[in-house]
Amino acid sequence: MVRVMVVDDHPMWREGVSRDLAAAGYEVAASTGEGQQAVRIAAAARPDVVVLDLQLPDVSGVEVINGLRGALPSVRILMLSASGEQQDVLDAMKAGANGYLLKSAGLAEFLDAVARTAAGDTVFTPGLAGLVLGEFRRLAAEPDKSDETTPKLTERETEVLRLVAKGLSYRQIAERLVLSHRTVQNHVQNTLGKLQLHNRVELTRYAIEQGLD
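Right, let's walk through the structure included here. Every chain is numbered on its own, with residues counted from 1 as its sequence reads. Restriction of local features to residues with pLDDT of at least 70 applies here, the model being predicted, together with a cutoff of 80 or more for giving and counting side-chain atom pairs; totals for whole chains, interfaces and linings are based on all residues. Excluded from the side-chain calculation are hydrogens and water; included are all heavy atoms of the structure.

**Looking at the pairing of strand E1 (residues 3-7)**
Taking burial as the measure, the 5 residues of E1 include 4 buried ones, the bulk of the element. Strand pairing is assigned whenever DSSP detects at least two bridges linking the two strands. The secondary structure listing takes helices from DSSP runs of H or I that are at least 4 residues long and strands from runs of E that are at least 2 residues long, numbered from the N terminus. Relative to strand E2 (residues 27-32), E1 runs parallel, the two being bridged by 5 bridges. Within E2, the position partnered with Met 5 by the bridge is Ala 30. Partly exposed describes any residue whose relative accessible area lies between the buried limit of under 20% and the exposed limit of over 50%, with all areas from a 1.4 Å probe on protein chains only and scaled to the type maximum.

Below is the structure:
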């Protein structure tokens, strides 16, 4: 069972999200309205996914992401925010969020986003993915200050990486390449290790930098 922690400072919203997750078969490991408390309890609650509001009363969502990454490096973080402002989205993704969903999303879209985040996909409200990829393309156009040799990927790893850059989910990649979902996950994890990256967002940026999109 996937364990989820809900972090939102509005009690009715937080409780409603928790009920919806429980009804859908998720285990709500913890819920809180404060970012600092979320970081403190994360190690004990050990969630697989954190549903995190961007704007909290004590610290910013970006600070919470950094704290969660320090406490649980493998945790997956889905931002659930009322803000669709470009800078808010980019700040969250650069900090290490795995997805960004607006609170205007319907229940089915939200539950699908949680499931995909747990499976390792990068999830966006429609329209936001292009914004993030556009920023990564801008960064990729900046001069490369590194002279290090690019790690060598296998042909299959490169093929998977190209599809990751196009925004395909693991399931879609598996269907496209006639592979199992687990095999695709293994290829992505191997590629992350070789490139010393931490998540699919960084992997997507690398793919764009290499012209694989």
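On we go from here.
**A few points about the pattern of salt bridges**
Any Lys or Arg side-chain nitrogen found within 4 Å of a carboxyl oxygen on Asp or Glu counts as a salt bridge. Taken as a whole and judged by the stated rule, the model has 6 salt bridges. As a salt-bridge pair, Lys 103 and Asp 53 come within 3.5 Å of each other at their nearest N and O atoms. Within this pair, whereas Lys 103 is found in the loop between strand E5 (99-102) and helix H5 (107-118), its partner Asp 53 is found in the loop between strand E3 (49-52) and helix H3 (61-71), the two being separated by 50 residues in sequence. What makes Asp 53 buried here is its relative accessible area of 5%.

**Topic: the nonpolar core**
Put simply, buried Ala, Val, Leu, Ile, Met, Phe, Trp, Tyr and Cys residues joined by side-chain atoms within 4.5 Å make one nonpolar core. Ranked by size, the top nonpolar core spans 26 residues in total, and within it Met 5, Leu 52, Ile 65, Leu 68, Met 79 and Tyr 100 carry the most contacts. Listed by contribution, the elements that provide at least two residues to this core are E1, helix H2 (35-45), E3, H3, strand E4 (76-81), helix H4 (86-95) and E5. Broken down by element, this core gets its largest block of residues, 4 residues, from H4.

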